[in-house]
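Report on the structure
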Amino acid sequence: MTVAEVLLRIGCTIVAWLVVYTHCLWLSVVKQVGCESDGDTLWRLLLGLIPVTITFGLLIGAANKVSSVQPMLRWGAAPLVVLIPLALFAIWPTYTTSTLGNNPICDIPDIGWHSWWAPAQFLVLLYIAIIAYRNWRYEPS
């Protein structure tokens, strides 16, 4: 493996962790930001961030072939032990009010995505947890 390939793999993994952290952090604070100033902008932004998070989640294991670095980069999963539960605490109230209760997010008329916002975010968090667990358990051969 060339130096350029090693650096590319390490860089991809680090950037992928940062995108995953960003999604989890924004999910954690979406209820605290509220709906006063921008309406449901952050809610829509998180919905648009789903494809980006899924794509970058695939790159988390890019450095697994670099056996000297992978044990250090596997610790990228450690912050998710705190971030995923915080994000779930933000998703749950929205799930009960918008999905189950059929109420709009931020008292803005429903345009079709309010009822499936929370299930979509839950699936992304499940995906993140699975990817992080697989990366943590990876043993280089």
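**As for the nonpolar core**
Among the nonpolar cores identified, the biggest contains 33 residues, and Leu80, Trp117, Leu125 and Ile128 are the most heavily contacted of them. Mapped onto this core, the elements with two or more residues apiece are α1 (3-33), α2 (41-57), α4 (80-100) and α5 (114-137). Here this core takes nine residues from α5, the largest share from any one element. Ile10, Ala63, Val66 and Leu73 belong to the second largest nonpolar core, which has five residues in total.

**A look at α4**
Along α4, the sharpest kink reaches roughly 30 degrees, centred on threonine 94. Residues of α4 that are buried include every one of Leu80, Leu83, Ile84, Ala87, Ala90, Ile91, Thr94 and Ser98, and no others. Among the structural elements, α1, α2 and α5 are those in contact with the buried residues of α4. Directly after α4, the chain includes asparagine 102, whose backbone phi takes a positive value near 60 degrees.

**Some words on the environment of alanine 78**
Along the chain, alanine 78 turns up in the loop between α3 (70-73) and α4. Between the C-alpha atom of alanine 78 and that of leucine 100, which follows or precedes it by 22 residues, the distance is 32 Å.

Each value, and the rule that gives it
- Residues numbered from 1 in each chain as written.
- Predicted model: local features only at pLDDT ≥ 70, side-chain atom pairs only at ≥ 80, totals over all residues.
- Heavy atoms only, no water.
- Core = buried A, V, L, I, M, F, W, Y, C linked by side-chain atoms within 4.5 Å.
- Buried < 20%, exposed > 50% of the residue type's maximum accessible area, 1.4 Å probe, protein only.
- Helix = DSSP H or I, 4+ residues; strand = E, 2+ residues; numbered from the N terminus.
- Bend = angle between axes of the 7 residues up to and from the residue.
- Contact = heavy atoms within 4.5 Å.

No statement about biological role is implied by the geometric values presented.
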